[in-house]
Amino acid sequence: RKVYPTGIPVLKAFHTDYQAKVSSIVAADFTLKVDCTDMHIITQEMLPKLEISFNMYKESGFKEIQFLIKQSATIKMQLNRVARNTGLTNAVVVEL
């Protein structure tokens, strides 16, 4: 598990790394699990970055995308809203 701090250069590094890894598999055969357990709240500053990532997940064509969170109604609602707004219809928020 890689942890990427926030910031645009790091976001680009994450996207490059992600695309390199995903291009070597048939994504439709897999479920992508996104570890969001350290996420506390989605701020307005984070929103555009998350939307870019959600669109990238959508374009990858995974069978399902699971966002793993600690139990939090707020984070669950926020992630579901970002998924809905980006058209990510195969996303599920899983509370651990």
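Up top is the structure these notes are about.
Below you will find a few notes about this structure. Here the structure is a predicted model, which is why all the values come from computation and not from measurement.

Details of the sheet that holds strand 2 (residues 64-69)
Spatially, 1-2-3 is the arrangement adopted by the three strands of the open sheet, whose pairing is parallel. In this open sheet, the two strands that pair with only one neighbour each are strand 1 (31-35) and strand 3 (91-95). Each adjacent strand pair in this sheet contributes to an overall mean axis angle of 25°, direction not counted. Helix 2 (residues 47-60) contacts strand 1 and strand 2 of the sheet and is inclined by roughly 145° relative to strand 2. Along the sheet face, helix 3 (residues 73-86) touches strand 2 and strand 3 and points at about 170° away from the line of strand 3.

Describing the side chain of Thr86
Relative to the elements of secondary structure, Thr86 occurs in helix 3. Given a relative accessible area of 8%, Thr86 falls into the buried group. Engagement of the side chain of Thr86 in a polar contact is seen with the backbone oxygen of Ala83, the distance being 3.2 Å. Leave out the neighbours within four places in its chain, and Thr86 touches Glu51, Phe54, Asn55 and Lys58.

A look at the packing of aromatic side chains
Using the criterion set out here, one finds five aromatic pairs in the structure. On the numbers, 6.0 Å between centres and 40° between planes, the contact of Phe14 with Tyr18 is tilted. Placement of the pair is Phe14 and Tyr18 together in helix 1 (residues 8-22), with a separation of four residues, close to one helical turn. The interplanar angle of 10° and the centroid separation of 4.6 Å between the aromatic rings of Phe54 and Phe67 together place this pair among those described as stacked. Pair noted here: Phe54 is in helix 2 and Phe67 is in strand 2, with a separation of 13 residues, a long-range link. There is no split in this pair, since Phe54 and Phe67 are both buried.

The rules behind the values
- Residues numbered from 1 in each chain as written.
- Predicted model: local features only at pLDDT ≥ 70, side-chain atom pairs only at ≥ 80, totals over all residues.
- Heavy atoms only, no water.
- Pairing = 2+ DSSP bridges.
- Helix = DSSP H or I, 4+ residues; strand = E, 2+ residues; numbered from the N terminus.
- Axes fitted to C-alpha atoms, helices over the stretch in contact; angles between N-to-C directions.
- Contact = heavy atoms within 4.5 Å.
- Buried < 20%, exposed > 50% of the residue type's maximum accessible area, 1.4 Å probe, protein only.
- Polar contact = N/O pair within 3.5 Å; in protein donor to acceptor, adjacent residues only side chain to side chain.
- Phe/Tyr/Trp six-rings, centres within 6.5 Å; stacked < 30°, edge-to-face > 60°.

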